[in-house]
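# Observations on the model geometry
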Amino acid sequence: LTSTAGATGALTPKILAALPAELICRMREAAMNADPDQLLTLTDEVEHYDIHSARRLRRFVHAFDYQSLLDVLQSGART
Amino acid sequence: MENSTVHQPVPSIMVVDDTPANLRLLTGMLKERGYKVRPVSSGKFALQTAKHDPPDLILLDIIMPEMNGYEVCECLKADEQLSGIPVIFISALNETMDKVKAFKVGGVDYVTKPFQFEEVQARVATHLELRRQKRLVQESNEQLRKLEELRDNLVHMVVHDMRTPLTAIYGFLRTLETLKGESLSDQGREFVQTALASTEDLVEMVSSLLDVSKMEAEEMKLNLTQCELLTISREALAKVEPLKGDRELMLSGTDEPVTVMADAELIARVFQNLLGNALKFTPDAGQVTVSIESSADAARVLVQDTGPGIPPEYRERIFEKFGQVENPANKQRYSTGIGLTFCKLAVEAHDGQVGVNSEEGRGSTFWFTLPRRESVP
């Protein structure tokens, strides 16, 4: 199992705050539903805003680590 | 012609395993078979996402950090919203005790790793179909319950509105009877008597229906007093005496007074219903016997007849409202009406029990018990 904890630090709340709120909301919903296909589609959209964030978010998805993904999205939403 | 094909939604399967490689493998295979798959790598998150959107089935690994599969399953089964989701365990543990435990915590099936996908697929398909059928049955039951409620409301409304005109008819017939029908011919007086008896039956039916509605809604207030059951039974026997014809009506058993705390009027109507019922099904020259047994805890009343008896499959149904049963003697179907439902609810409102013992071709014994208590509960 590849740990994704290290990747969390690179996804700063500031970077995530640059993403549209509606996109974050859809990602959270997809994570809550444990829907990796939808999450991967949405990370493609993230790529339009920040290619590195998209890559890091994909790592969570590939590891099926939705909780970490939600935690990151939550921190982005708070800024 | 209208197309009757109903498209079923794609079943959603949650796969829970802490090894991403296993998740990928199962997810890919199940997706190929057309299922919507939700792979989850932890038990804790599985519960969270199941609550968010309950899946149709869960494939659950056992050995996982933080929360193992047994614990996850126990939590699912403890949750009313999630308890109906079938859980298939899929684990490398292959001892009998592991499998027994999986079923004990609520699993419906068990697949050991390494698995053959065909086996997983077959079990998944079977349990999804079972779940679908179970849902259909639940939906049908719910529809039936709603229809029953509608019927009861309708019956209640009609019966309630019938009571006032019926009381007027009854009152005028009584007046005619009291006046001895002086201006009537003998046949006219006979007609009045028959009309009065039938109206009394209708009034009794209306009262029973309204009381059953009240008792079902737990709105019936019991007027509890110390009642003596022998006296009530003698009065009830006297009341049904005109109906007995060539049948023999008897009171047997104890001569000692049997006192219980009960609503005398309701219990009297229970006696009358059971006696009326017994007479209805007892052929000429048959016997109907009432007996009362008493113990420290309860009084037990038995109404025994020498009628055709009741087949076992109908012995519970006869206590249901308007239950349909078949008379074994003439193979005719008829409705049991409301009388026995009234008896059941009235006795149960006193914390008593009611039932029937029967032998086909020999007769039936309807019985009820009333707890003996010193004061109003």
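Scroll up to find the structure this text is about.
Residues numbered from 1 in each chain as written. Chains lettered and ligands numbered in written order. Predicted model: local features only at pLDDT ≥ 70, side-chain atom pairs only at ≥ 80, totals over all residues. Heavy atoms only, no water.

### Observations regarding the interface of chain B and chain A
Every contact between the two is made by 15 residues of chain B and, on the other side, 15 residues of chain A. Summed over both partners, the interface of chain B with chain A buries about 1200 Å², with 57% contributed by carbon and sulfur atoms. At the junction of chain B and chain A, the tally comes to one salt bridge. With a shortest N-O distance of 2.7 Å, Lys31 of chain B and Asp37 of chain A are connected by a salt bridge. Applying the counting rule to chain B against chain A returns seven residue pairs in polar contact (both at pLDDT 80 or more). Within the residue set of the side of chain B that touches chain A, elements represented by two or more residues are helix H1 (20-32), strand S2 (36-40) and helix H2 (43-52) of chain B. The residue makeup of the side of chain B that touches chain A, split by class, is six nonpolar, four polar and five charged. (Contact = heavy atoms within 4.5 Å. Buried area = accessible area lost by both parts, 1.4 Å probe. Salt bridge = Lys/Arg side-chain N within 4 Å of Asp/Glu carboxyl O. Polar contact = N/O pair within 3.5 Å; in protein donor to acceptor, adjacent residues only side chain to side chain. Helix = DSSP H or I, 4+ residues; strand = E, 2+ residues; numbered from the N terminus. Nonpolar A, V, L, I, M, F, W, Y, C, P; charged D, E, K, R; others polar.)

### Thoughts on the side chain of Asn273 of chain B
Residue and element names in this part refer to chain B. Structurally, Asn273 is set in helix H8 (residues 264-281). Asn273 gets classed as buried once you look at its relative accessible area, which sits at 18%. Sequence-distant contacts of Asn273, that is, excluding residues within four places in its chain, are made with Glu204, Gly339, Phe342 and Cys343. (Buried < 20%, exposed > 50% of the residue type's maximum accessible area, 1.4 Å probe, protein only.)

### Some points on the side chain of Ser208 of chain B
Following the sequence through the fold, Ser208 of chain B ends up in helix H6 (residues 186-216). If we skip the residues at most four places from it in the chain, Ser208 of chain B touches Arg269, Ile338 and Phe342 of chain B.

### With respect to the pattern of salt bridges
Scanning the entire structure with this criterion turns up 27 salt bridges over all chains. Among the salt bridges present, the one from Glu293 of chain B reaches Arg300 of chain B, with a minimum N-O distance of 3.8 Å.

### Description of helix H7 (residues 229-240) of chain B
Residues and elements named next belong to chain B. In a regular helix each residue adds 1.5 Å, so 12 residues correspond to 16 Å; H7 covers 16 Å between its end C-alpha atoms and thus fits that length. The complete set of buried residues in H7 reads Leu229, Leu230, Ile232, Ser233, Ala236, Leu237 and Val240. Across the axial projection of H7, the buried residues extend over an arc of 160°, all falling on one side. Exposed positions of H7 whose direction lies more than 90 degrees from the buried face are Glu235 and Lys239. Its side-chain oxygen placed 2.9 Å from the backbone nitrogen of Leu230, Glu228 serves as the N-cap of H7. (Expected span 1.5 Å × (residues − 1). Arc of directions from axis to C-beta.)

### Considerations on the sheet that holds strand S4 (residues 87-91) of chain B
Residue and element names in this part refer to chain B. Within the open sheet, the five strands sit side by side as S2-S1-S3-S4-S5. Their pairing is parallel. Each having just a single partner strand, S2 and strand S5 (109-112) make up the two edges of the open sheet. Each strand of the sheet is rotated relative to its neighbour by a mean of 20°, with strand direction disregarded. Where strand S1 (residues 12-16) and S2 come together, five bridges link them in parallel fashion. Its bridge partner lying in S2, Val16 is registered against Val40. Across the sheet, helix H5 (residues 117-178) touches S1, strand S3 (57-60), S4 and S5, and the angle it forms with S5 is around 170°. (Pairing = 2+ DSSP bridges. Axes fitted to C-alpha atoms, helices over the stretch in contact; angles between N-to-C directions.)

### A word on the sheet that holds strand S14 (residues 363-371) of chain B
For sheets, the rule is that strands pair by backbone hydrogen bonds, running either parallel or antiparallel. Residues and elements named next belong to chain B. Read across the sheet, five strands follow the order S7-S9-S10-S14-S13 without closing on themselves; strand pairing throughout is mixed. The open sheet has two edge strands with one neighbour each: strand S7 (248-253) and strand S13 (353-359). Sheet twist, expressed as the average angle between the axes of neighbouring strands with direction ignored, equals 15°. One ladder, built from seven bridges, connects strand S10 (residues 298-305) with S14; its direction is antiparallel. Bridge pairing in S14 links Leu302 to Trp367. Together, S7, strand S9 (287-294), S10 and S14 form the strand contacts of H7, whose direction differs from that of S7 by roughly 175°. Contacts from H8 reach S7, S9, S10 and S14 within the one sheet, and its direction differs from that of S14 by about 175°.

By themselves these figures say nothing about function.
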